[in-house]
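# A closer look at the structure
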Amino acid sequence: MNGLAQSVARAWERFFYTGGSADRLGMLRIILGLGMVPFHALQFASVWELDPAGPHWHYIEPIWYFRFLGIEALDPLAAQAAFVLVILASVSFAAGLFTRSSAAVMLLAVIYLKGTRD
């Protein structure tokens, strides 16, 4: 069993930690970050059609994590702010500024925007 665990650990390390230079990883980060900007824009641009002073929308069947968190209504300003945050975080990720924080912000904003959209 110990030999199998060591073989799996070596394969894991070889897969994730060899074969990529820092330049390649940096270029991949830039491409992914910049590629996320149009993707997010296409997925969530509908939040700009919401009027913050307009009617309030209540979810009939909210996504499971909105139900768990007690989010029952759509807040247009929060959705628009989340959209701006996800775009800024994508650009920041591509530029290499606060990369881990930017990835976390992107993840949280996408989860919120997906819940508002769906």
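Residues numbered from 1 in each chain as written. Predicted model: local features only at pLDDT ≥ 70, side-chain atom pairs only at ≥ 80, totals over all residues. Heavy atoms only, no water.

What follows concerns the overall build of the protein chain. Along its length, the protein chain carries five helices and two strands. The linear arrangement of helices and strands in the protein chain, starting from the amino end, is α-α-β-α-β-α-α. The globule rule puts the C-alpha radius of gyration for 118 residues at 13 Å, and the 19 Å found for the protein chain is more than 25% above it. With the C-alpha coordinates aligned to their principal axes, the bounding extent of the protein chain is approximately 60 × 35 × 20 Å. Relative to all contacts within the protein chain whose residues are 6 or more apart in sequence, the contacts with residues 24 or more apart total 72%. For the protein chain, the exposed area adds up to about 8600 Å²; of that, 70% sits on carbon and sulfur atoms. A distance of 18 Å separates the average location of the 8 positive side-chain charges in the protein chain from that of its 8 negative side-chain charges. (Helix = DSSP H or I, 4+ residues; strand = E, 2+ residues; numbered from the N terminus. Rg over C-alpha atoms; globule rule 2.2 N^0.38 Å. Contact = heavy atoms within 4.5 Å. Areas by Shrake-Rupley, 256 points an atom, 1.4 Å probe, with all protein chains shown as cover. Lys, Arg positive; Asp, Glu negative; His and termini not counted. Charge placed at Lys NZ, Arg CZ, Asp CG, Glu CD.)

Relative to the elements of secondary structure, S90 occurs in helix α4 (residues 76-95). Residue S90 is classed as buried on the basis of its relative accessible area, which comes to 0%. Through-space distance from the C-alpha of S90 to that of V37 is 6.1 Å; in sequence the pair is 53 residues apart. (Buried < 20%, exposed > 50% of the residue type's maximum accessible area, 1.4 Å probe, protein only.)

With the exception of glycine, most residues fall at negative phi, and the peptide bonds are largely trans. Located in the positive-phi region is F98, a residue other than glycine, with phi close to 50 degrees. Secondary-structure assignment places F98 in the loop between α4 and α5 (99-117).

Contact geometry of helix α2 (residues 22-44) with α5 gives a least axis separation of 12 Å together with a crossing angle of 20 degrees. Accordingly, the angle class assigned to the pair α2 and α5 is roughly parallel. Both α2 and α5 take part in a crossing whose hand is left-handed. Side by side, α2 and α5 meet where R29, H40, Q43 and F44 of the first sit next to T99, M106, V110, L113, K114 and R117 of the second. In terms of residue class, the contact of α2 with α5 is built from four nonpolar, three polar and three charged. (Axes fitted to C-alpha atoms, helices over the stretch in contact; angles between N-to-C directions. Parallel < 35°, antiparallel > 145°, perpendicular 65-115°, else oblique. Left-handed = near helix turned anticlockwise from the far one by under 90°. Nonpolar A, V, L, I, M, F, W, Y, C, P; charged D, E, K, R; others polar.)

Here we come to the confidence of the model for the protein chain. When pLDDT is averaged across the protein chain, the result is 87; 97% of the residues are at 70 or more. By mean pLDDT, the top-scoring element of the protein chain is α4 (93), and the lowest-scoring one is helix α1 (residues 2-17) (81). (pLDDT = per-residue confidence, 0-100.)

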